[in-house]
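Each chain is listed here by its residues.
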Amino acid sequence: MIALFGTQEADFKSRFEDLLKRGGIDILRVEGYIKELLESIKQKREEALIEQISRFDNWNPRNFSDLKISQEVMQKAYEKLDKKLKSALQKAYERIEAFHAKQMPKTWLDFEENGSILGQKISAVERAGLYIPGGKAAYPSSLLMNAIPAIVAGVKEIVVCTPTPNDEINPLLLAAMYLCRIKEAYKIGGASAIGAMAYGCGELKKVDVISGPGNIYVATAKKLVFGEVNIDMIAGPSEIGIIASDTARADYLAWDLLSQAEHDEMASSILITPSQSLAKEVALRIEEFLQKLPRKEIAVKSIYQRGAIIVTKDIDEAVELMNEIAPEHLELMVENPFEILPKIRHAGAIFIGENTPEPIGDYIAGPNHTLPTGGSAKFFSPLNVEHFMKKSSIISFSRQAIMELGEDCGILAHTEGLDAHQNSVLVRLN
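Description of the structure in this document. Keep in mind the model is a prediction, meaning the values are calculated, not measured.

Here's the deal with the sheet that holds strand 1 (residues 3-6)
With respect to topology, six strands assemble into an open sheet ordered 1-11-10-9-12-13, the strand pairing being parallel. Looking at the sheet topology across the chains shown, the edges are occupied by strand 1 and strand 13 (349-352). In this sheet, neighbouring strand axes are inclined to one another by 15° on average, regardless of whether the strands run parallel or antiparallel. Here strand 9 (residues 239-244) runs beside strand 12 (residues 329-333); their pairing, made up of five bridges, is parallel.

As structure tokens, then:
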């Protein structure tokens, strides 16, 4: 069964510390291999890329043109969609777009009394690369969550790369590409895709920023190309944390925990509650519901190896522990969730109340589902429009302004031993 233990137990500290290590990605283990793979793409370009696709995706493209996904194929997939599925996809698009539109930062100028003008100019990057996984499952929702903020930000060119084992691609992903008006997409997966987007390869020109989730090889590649291009974040396996009081329904909690466990064997599901009886009931419900899951084999490994139910003395202690965990997804299943919301300091996305299960955020609520994992919610934010934008400072000094501040500037430059800096200012004062 899922691990169940309390904060009063003698070995609690060591068991909790193991949970905090849940998101550790052993990048060092694969870093050397990924460096070689990326260097191969950098040096041999198309030849290396085609070689890698033949090796990892079990099909043999003849040339780079074979890797392109046509808009005609996307359109046909969209047109063949079931009417209800098409409506759901459209509704998700509209809600995600509306949420991200509210995030848009603005260019601003500040006019000072001495005539100087200071400000900030906001610009979208020219070209964004989106990586959409296609391994254990297909994720059209990830396409929406990555493409829409880039579209809202005003990115002119958006590139999609996705793996196509056996040269097969999920029709719903193609339909989502059509809905997002993607004009450039390629059948390239894994670290190879990250390298192709970062360095440019064949018809695929170098991008400015890469976003999107992936396995350890993708995460490592993103880390290694950072600086060559910008990246959104280095995300690990999916996870959920739930704080629940004794009024929460055990069946809701069990299904919500399993909603992450079925993602992959490395996913982490953690419930923290002051109720011993609820903790035991949830553990039993998890066992019952596991038998019903088509992805049972994956969920079992996740729940047994990386899941936990922790019993605390009270809700305040539960909040304290959850802030240490800093989960990707956090559900507050308590009587008055908005009362404890101010105490939550670290979480990628917060789901409030019993009618807000985490999957609502995955698909249709509107906020982005590309979130920081493994405790990185302490310093990373969800994917948003600003990941596809950059800021330029604006500085304009009047004659009066440089006369007022020039001497002080010169003193600071001289103190740092930079005489040309100092003279550049002082020459304007004479």
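Here the narrative resumes.
Points about the nonpolar core
Leu 143, Leu 144, Val 155, Met 177, Ile 182 and Phe 388 are the most contacted members of the largest nonpolar core, which totals 40 residues. Listing elements by their share of this core, those giving two or more residues are helix 4 (71-79), helix 5 (83-101), strand 3 (117-124), strand 4 (127-131), helix 6 (140-153), strand 5 (157-161) and helix 7 (171-179). Here the element with the most residues in this core is helix 6; it accounts for eight residues. Once residues within four sequence positions are removed from consideration, Ile 182 is found in contact with Gln 71, Met 74, Ala 147, Ile 158, Val 160 and Met 177.

What to know about the pattern of salt bridges
Applying the stated rule across the entire model yields 14 salt bridges. Two residues, Asp 167 and Lys 187, come together in a salt bridge whose shortest N-O distance is 2.9 Å. Within this pair, whereas Asp 167 is found in the loop between strand 5 and helix 7, its partner Lys 187 is found in the loop between strand 6 (184-186) and helix 8 (190-199), the two being separated by 20 residues in sequence. By relative accessible area, which is 14% here, Lys 187 ends up buried.

Side note on unusual backbone geometry
Although it is not a glycine, Asn 58 adopts a positive phi angle of roughly 65°. Note that Asn 58 resides in the loop between helix 3 (46-56) and helix 4. For Asn 58, a relative accessible area of 56% translates into the label exposed. Backbone geometry at Ala 326 places phi at a positive 50°, although glycine is not the residue there. The class for Ala 326 is buried, based on a relative accessible area of 0%.

Regarding the packing of aromatic side chains
Inspection of every chain in the model, using the stated rule, returns seven aromatic pairs. A ring pair is formed by Phe 5 and Phe 12, whose centres lie 6.0 Å apart and whose planes are at 50°; its orientation type is tilted. Summarising the burial analysis for this pair, Phe 5 and Phe 12 share the class buried. Between Phe 12 and Phe 16 the ring centres are 5.5 Å apart and the planes differ by 20°, which places this aromatic pair in the stacked class.

What about the packing of helix 1 (residues 12-20) against helix 13 (residues 315-325)?
Helix-helix packing is described using two parameters, namely the angle between the two axes and the distance between the axes. Relative orientation of the contacting elements helix 1 and helix 13 amounts to 40°, with a least axis distance of 9 Å. The angle between the axes of helix 1 and helix 13 places the two elements in the oblique class. In contact with Phe 12, Phe 16 and Leu 20 of helix 1, helix 13 contributes Leu 321, Glu 324 and Ile 325. Looking at the contact of helix 1 with helix 13 residue by residue, the classes come out as five nonpolar, no polar and one charged.

Thoughts on helix 2 (residues 27-44)
The end-to-end C-alpha distance of helix 2, which contains 18 residues, comes to 25 Å, matching closely the 26 Å that a straight helix rising 1.5 Å per residue would cover. Helix geometry: helix 2 is bent most strongly at Tyr 33, by close to 30°. Taken as a whole, helix 2 has its buried residues at Ile 27, Val 30, Glu 31, Ile 34, Leu 37, Leu 38, Ser 40 and Ile 41. Here the buried face of helix 2 lies against helix 3, helix 8 and helix 9 (216-225). Positive phi appears at Arg 45, one or two residues downstream of helix 2, with a value of about 50°.

What about the environment of Ser 70?
Turning to its location among the elements, Ser 70 is positioned in the loop between helix 3 and helix 4. As a C-alpha pair, Ser 70 and Ala 185 span 115 residues in sequence and 7.5 Å in three-dimensional space.

A short note on helix 1
Those residues of helix 1 that sit buried are Phe 12, Phe 16 and Leu 19. For helix 1, the angular spread of the buried residues around the axis is 50°, confining them to a single face. Against strand 1, strand 10 (268-273), helix 12 (296-306), strand 11 (308-311) and helix 13 lie the buried residues of helix 1.

Let's talk about empty space enclosed by the protein
Taken as a whole and assessed by the stated rule, the structure comprises one cavity of 30 Å³ or more. Taken as a whole, the largest cavity holds about 30 Å³ of empty space. Residue lining of the largest cavity: Gly 212, Pro 213, Gly 214, Val 218, Ala 219, Lys 222, Met 233, Ile 234 and Ala 235, and that is the complete set. Within the lining of the largest cavity, the residues separate by chemical class into six nonpolar, two polar and one charged.

Calculation notes
- Residues numbered from 1 in each chain as written.
- Predicted model: local features only at pLDDT ≥ 70, side-chain atom pairs only at ≥ 80, totals over all residues.
- Heavy atoms only, no water.
- Pairing = 2+ DSSP bridges.
- Helix = DSSP H or I, 4+ residues; strand = E, 2+ residues; numbered from the N terminus.
- Axes fitted to C-alpha atoms, helices over the stretch in contact; angles between N-to-C directions.
- Core = buried A, V, L, I, M, F, W, Y, C linked by side-chain atoms within 4.5 Å.
- Buried < 20%, exposed > 50% of the residue type's maximum accessible area, 1.4 Å probe, protein only.
- Contact = heavy atoms within 4.5 Å.
- Salt bridge = Lys/Arg side-chain N within 4 Å of Asp/Glu carboxyl O.
- Phe/Tyr/Trp six-rings, centres within 6.5 Å; stacked < 30°, edge-to-face > 60°.
- Parallel < 35°, antiparallel > 145°, perpendicular 65-115°, else oblique.
- Nonpolar A, V, L, I, M, F, W, Y, C, P; charged D, E, K, R; others polar.
- Expected span 1.5 Å × (residues − 1).
- Bend = angle between axes of the 7 residues up to and from the residue.
- Arc of directions from axis to C-beta.
- 1 Å grid on protein atoms, 1.4 Å probe; cavity = no way out; pocket = protein on both sides within 12 Å on 5 of 7 lines; lining within 4 Å.
- Points joined across faces, edges and corners; volume = space filled by probe spheres on them.

Geometric descriptors of this kind do not, in isolation, establish any biological role.
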